[in-house]
Amino acid sequence: AQSVAQPEDQVNVAEGNPLTVKCTYSVSGNPYLFWYVQYPNRGLQFLLKYITGDNLVKGSYGFEAEFNKSQTSFHLKKPSALVSDSALYFCAVTPRGGGADGLTFGKGTHLIIQP
Amino acid sequence: KAGVTQTPRYLIKTRGQQVTLSCSPISGHRSVSWYQQTPGQGLQFLFEYFSETQRNKGNFPGRFSGRQFSNSRSEMNVSTLELGDSALYLCASRLAVTDNEQFFGPGTRLTVL
């Protein structure tokens, strides 16, 4: 069965500084990896995905993520944080070809950007 | 194109009652998945429907059931509600089960008293 670990419950970053939200995964075979963001009282919004190809994936709102197969990681990054980036971020995985368990999500990381 | 819609947005029930939640996928999407989100357990997969057939089911008791209609709209039913069923229930749709990107609705917040 697949699993996702987001080791930090909360990440605090000053506005304008770079940010990283960590994610490691475990899955049989090659993975499809995703990042979603959730604002209060809202559903999940898609940020970016890794399917194949370039290990550096660029997504919405200036976010990017780097797929590292040897470390089984897919960390979310942004060069310069905005206060409006404050939200709950989820990493998710599913095995290539589809999984019987849908998307498997990490516990989520609260990102707080301080003005 | 309209996004995934879920009704109702908020619901309050008492223990022992049953509840039905509704999800309308993006037009043309034939796969609908349901997830439960709680502070303790996070996001957990409930089930997925495609072409009116349940494809996969997560590790939830039989009190949780669903169905999908010919227009791809889906309903989720929870019978004999328990306090622990209080959660945000999210619906997601995708074009087909081979499509890797899912689009989520805003969720239904269920409170069981």
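Residues numbered from 1 in each chain as written. Chains lettered and ligands numbered in written order. Predicted model: local features only at pLDDT ≥ 70, side-chain atom pairs only at ≥ 80, totals over all residues. Heavy atoms only, no water.

Caption draft 1: Region of interest: the state of the cysteines. What the rule picks out here adds up to 2 disulfides over all chains. A:C23 shares a disulfide with A:C91; S-S distance 2.0 Å. The S-S bond linking A:C23 to A:C91 shows a torsion near -60°; that makes this disulfide left-handed. Here the residue A:C23 occupies a position in the loop between β3 (19-21) and β4 (24-26), and A:C91 occupies one in strand β10 (residues 87-95), the gap between them amounting to 68 residues. Note that B:C23 is cross-linked by a disulfide to B:C91, the S-S spacing being 1.7 Å. (Disulfide = S-S within 2.5 Å. Helix = DSSP H or I, 4+ residues; strand = E, 2+ residues; numbered from the N terminus.)

Caption draft 2: Geometry of the interface of chain B and chain A. Each partner contributes to the interface: chain B provides 19 residues, whereas chain A provides 20 residues. Of the roughly 1,500 Å² buried where chain B meets chain A, counting both sides, 50% is carbon and sulfur surface. The three residues of chain B that bury the most area against chain A are B:L43, B:N100 and B:F104, which together make up 36% of that side's buried surface. Joining chain B to chain A, the criterion identifies 1 salt bridge. Here B:E101 ties to A:K49 by a salt bridge, and the two come within 3.3 Å at their closest N and O atoms. Here chain B and chain A share 6 residue pairs in polar contact (both at pLDDT 80 or more) between them. Listing elements by their share of the side of chain B that touches chain A, those giving two or more residues are β4 (31-38), β5 (42-50), β6 (53-57) and β9 (87-94) of chain B. It is β5(B) that provides the largest number of residues to the side of chain B that touches chain A, a total of 3 residues. Tallied by class, residues from the side of chain B that touches chain A come to 8 nonpolar, 8 polar and 3 charged. (Contact = heavy atoms within 4.5 Å. Buried area = accessible area lost by both parts, 1.4 Å probe. Salt bridge = Lys/Arg side-chain N within 4 Å of Asp/Glu carboxyl O. Polar contact = N/O pair within 3.5 Å; in protein donor to acceptor, adjacent residues only side chain to side chain. Nonpolar A, V, L, I, M, F, W, Y, C, P; charged D, E, K, R; others polar.)

Caption draft 3: Expanded view of the side chain of B:E101. Here B:E101 is to be found in the loop between β9 and β10 (103-104). Look at B:E101 and you get buried, because its relative accessible area is 14%. Among the polar contacts made by the side chain of B:E101, one reaches the side chain of A:K49 at a distance of 3.3 Å. (Buried < 20%, exposed > 50% of the residue type's maximum accessible area, 1.4 Å probe, protein only.)

Caption draft 4: Looking closely at the pairing of strand β9 (residues 73-78) of chain A. All names here are of chain A. Within β9, 5 of the 6 residues are buried, which leaves it mostly tucked inside the rest of the structure. Of the strand pairs in this sheet, β3 and β9 are connected by 3 bridges, and their pairing is antiparallel. Bridge pairing in β9 links T20 to K77. As paired strands, strand β8 (residues 64-68) and β9 are joined by 5 bridges and run antiparallel to one another. By the bridge assignment, A65 is partnered in β9 with L76. (Pairing = 2+ DSSP bridges.)

Caption draft 5: Looking closely at the pairing of β5(B). Residues and elements named next belong to chain B. Within β5, 7 of the 9 residues are buried, which leaves the element mostly enclosed by the surrounding structure. Across 8 bridges, the pairing between β4 and β5 is antiparallel. What sits directly across from W34, in β5, is F47. As consecutive antiparallel partners, β4 and β5 are separated by 3 residues. Strand direction decides the pairing type here: β5 and β6, joined by 4 bridges, are antiparallel. Its bridge partner lying in β6, F47 is registered against K57.

Caption draft 6: Summary view of the nonpolar core. Residue and element names in this part refer to chain A. L19, W35, L47, L48, F74, L76 and Y89 are the most contacted members of the largest nonpolar core, which has 27 residues in total. By residue number, the principal contributor to this core is β10, which donates 4 residues. Residues contacting F74, with those up to four places away along its chain left out, are C23, L33, F34, W35, L48, K49, Y50, A65, E66, F67 and C91. (Core = buried A, V, L, I, M, F, W, Y, C linked by side-chain atoms within 4.5 Å.)

Caption draft 7: Layout of the packing of aromatic side chains. Residue and element names in this part refer to chain A. Scanning the model with the defined rule gives 14 aromatic pairs over all chains in all. For the pair Y25 and F67, a centre-to-centre distance of 6.2 Å together with 25° between the ring planes defines the contact as stacked. Here the residue Y25 occupies a position in strand β4, and F67 occupies one in strand β8, the gap between them amounting to 42 residues. (Phe/Tyr/Trp six-rings, centres within 6.5 Å; stacked < 30°, edge-to-face > 60°.)

Caption draft 8: Geometry of the environment of A:G53. Residue and element names in this part refer to chain A. The residue G53 is located in the loop between β6 (44-50) and β7 (56-58) in this model. Of the residues examined, G53 reaches a relative accessible area of 47% and is grouped as partly exposed. Separated by 50 residues in sequence, G53 and L103 have C-alpha atoms that sit 21 Å apart.

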